[in-house]
Structures are given as structure tokens and as C-alpha cells.
Amino acid sequence: EAKKKAALDKQRREEEAEMRRLQEEEEKERHKQWDPKAQFKPKIIYPPGKNTDPDGNKKRGFTVWCSDGFDYDGFHSYEGAPDKEFDSTYGTKDEANERARYLFLWKNPWGHGPEMIMEEEEVDKSMKDGLVTYCVSPPDSSTWTVAVVPDAAYAYMENATLRRHGQDIDHHYTAASVYGYGL
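(A) Geometry of helix H5 (residues 93-106). The terminal C-alpha atoms of H5 lie 20 Å apart, and with 14 residues this matches the ideal 20 Å at 1.5 Å per residue to within 8%. Here H5 lies mainly inside the structure; ten of its 14 residues are buried. Within the span of H5, buried status applies to Glu95, Ala96, Asn97, Arg99, Ala100, Tyr102, Leu103, Phe104, Leu105 and Trp106.

Here it is as C-alpha cells:
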């Protein structure tokens with residue numbers, strides 16, 4: 001009977017150890033989900049000079065742009081559609097789409113962590129010709145849009161500016177920064 005009890009104790013300890021290991025693995029995966037350095041190449045997080053130059057790809061690449069402003073809601077002052085501010089240009093759709101996702105989730109104007117943005121019911125993601133558009137309009141707040149268009153088309157868009165936005169600031173108060181991912 002002592003051998004049975006010892007065997008059961010050993011089995012219980014092994015099961016508890018396995019549960020702890022699985023929980024730690026799950027926690028590590030959860031952290032990785034919100035760690036931009038685990039998801040993006042450095043040139044997506046920190047675009048080099050060529051990518052932040054509107055003519056960096058000689059109009060043969062893809063422009064990432066963003067805008068932040070209020071829709072006409074009868075409450076907030078409305079001066080028309082917000083400017084579309086240049087972010088970067090990339091030679092491939094995939095890189096431009098990745099930069100758009102990073103900018104939208106990690107560099108939003110409210111300084112919220114990506115998990116908070118993804119919790120918004122109003123997040124709209126669409127694709128056209130392989131190019132992504134993200135848009136969110138939280139209640140009582142501005143509309144944040146990030147999109148990708150061909151470089152050659154950007155100059156012809158309404159309210160498009162070559163002025164680079166100020167969204168690359170580090171938000172050290174986001175929930176992601178709690179995990180050491182505040183970039």
C-alpha cells in the first residue's frame with residue numbers, strides 16, 4: 001500500500017509539473033503575441049531613411065499612410081476629412097501591409113496597447129488588390145485609419161500630404177509595456 005501511495009504521489013507531482021509547464025508555455029505565447037519584435041523585422045518597426053522618403057521607391061512601391069480625425073457627428077468641431085499623412089514606402093505589398101499592421105496596432109494616437117485596439121468592436125480590416133486598410137472608431141473618439149496604396153496613387157488621394165505623421169512616438173504607458181514590449 002505504501003508503494004501505491006508513493007506511485008500516486010509521484011504521478012500527481014508529474015501532472016502538476018506538466019500543468020505548470022503548459023501554463024508557462026501558454027503565458028510565453030501570450031506575451032509573444034503582443035511583442036512586436038517577435039512579429040516584425042526591424043525595418044518594419046524602425047523604417048530606414050529610404051522607407052521614410054516619399055520618393056524612396058521611385059513611385060514603384062507601396063505607401064503606408066494614416067489619418068486621425070473626427071467624422072461629422074454634430075458634436076466635435078469638423079473641418080472636413082482629416083489629412084492622410086505619409087508614413088513610409090516599401091518595395092513589396094507584404095512589407096507595406098506589415099508596417100500598416102504595426103502602425104495601426106502599436107502606434108495608434110491614443111497610446112493603447114494592441115490588445116486594447118483588437119478588443120474594439122468597431123475595428124474594420126479590409127483588403128483590396130492585396131493592400132490592407134485598417135480603421136477603428138471607438139465611441140466618443142476620433143477615427144484612426146491606416147492603409148496601403150500604390151506609391152503612384154498616393155499623390156492623387158484627397159487630403160494626401162507628404163508630411164510625415166508623429167505616431168512613431170513611444171507610448172510607455174501601454175498595457176504591452178507592462179510585459180517589456182513598449183516600443
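(B) Quick look at unusual backbone geometry. With phi around 55°, Asp140 is a residue other than glycine that occupies positive phi space. Owing to a relative accessible area of 77%, Asp140 belongs among the exposed residues under this scheme. Notably, Asn159 is not glycine yet its phi reads approximately 65°, a positive angle. Mapped onto the elements, Asn159 comes out in the loop between helix H7 (151-154) and strand S6 (160-164). By relative accessible area, Asn159 is classed as partly exposed at 27%.

(C) Structural detail: the pairing of strand S5 (residues 143-150). Of all eight residues in S5, seven are buried; the element is thus mostly enclosed. Of the pairings in the sheet, the one linking strand S1 (residues 62-69) to S5 comprises eight bridges and is antiparallel in character. Bridge pairing in S5 links Asp68 to Trp144. Looking at chain direction, strand S4 (residues 131-136) and S5 are connected through four bridges and run antiparallel.

(D) Highlighting the nonpolar core. Within the largest apolar cluster, 23 residues are counted, with the highest numbers of intra-cluster contacts made by Val64, Ala100, Phe104, Trp144, Val146 and Val148. For this core, the elements supplying multiple residues, two or more each, are helix H3 (42-45), S1, H5, S4 and S5. The element best represented in this core is H5, accounting for seven residues. With sequence-adjacent residues up to four places away left out, Ala100 is seen in contact with Val64, Val132, Tyr134, Val146 and Val148. Ranked by size, the runner-up nonpolar core spans five residues in total, among them Trp65, Ala147, Val149 and Tyr154.

(E) The arrangement of the packing of aromatic side chains in detail. This model, assessed by the stated rule, comprises five aromatic pairs. On the numbers, 5.5 Å between centres and 70° between planes, the contact of Phe40 with Tyr102 is edge-to-face. In this pair, Phe40 is assigned in the loop between helix H2 (36-39) and H3 and Tyr102 in helix H5, connecting sequence segments 62 residues apart. Each member of the pair Phe40 and Tyr102 is classed as buried. Between Phe104 and Tyr134, the aromatic rings sit 5.0 Å apart at their centres with planes inclined by 20°, giving stacked as the arrangement. Here Phe104, found in helix H5, pairs with Tyr134, found in strand S4; they are 30 residues apart in sequence, far enough to count as distant. As far as burial versus exposure is concerned, Phe104 and Tyr134 are alike and both buried. One aromatic cluster is present, formed by Phe40, Tyr102 and Trp106 through successive ring pairs.

(F) Looking closely at the pattern of salt bridges. Counted by the stated rule, this structure contains eleven salt bridges. A salt bridge links Arg21 to Glu25, with the nearest nitrogen and oxygen atoms 2.6 Å apart. Taken as a pair, Arg21 and Glu25 lie in helix H1 (residues 2-33) at a separation of four residues, close to a single helical turn. Look at Arg21 and you get partly exposed, because its relative accessible area is 38%. Across the salt bridge formed by Asp83 and Arg163, the nearest N and O atoms sit 2.9 Å from each other. Within this pair, whereas Asp83 is found in the loop between S1 and strand S2 (84-90), its partner Arg163 is found in strand S6, the two being separated by 80 residues in sequence. Classification of Asp83 by relative accessible area gives partly exposed; the value is 32%. Shared partners join several salt bridges into a network, and the residues in it are Asp9, Arg12 and Glu16.

The rules behind the values
Residues numbered from 1 in each chain as written. Predicted model: local features only at pLDDT ≥ 70, side-chain atom pairs only at ≥ 80, totals over all residues. Heavy atoms only, no water. Helix = DSSP H or I, 4+ residues; strand = E, 2+ residues; numbered from the N terminus. Expected span 1.5 Å × (residues − 1). Buried < 20%, exposed > 50% of the residue type's maximum accessible area, 1.4 Å probe, protein only. Pairing = 2+ DSSP bridges. Core = buried A, V, L, I, M, F, W, Y, C linked by side-chain atoms within 4.5 Å. Contact = heavy atoms within 4.5 Å. Phe/Tyr/Trp six-rings, centres within 6.5 Å; stacked < 30°, edge-to-face > 60°. Salt bridge = Lys/Arg side-chain N within 4 Å of Asp/Glu carboxyl O.

So yeah, pure geometry; function would need other evidence.
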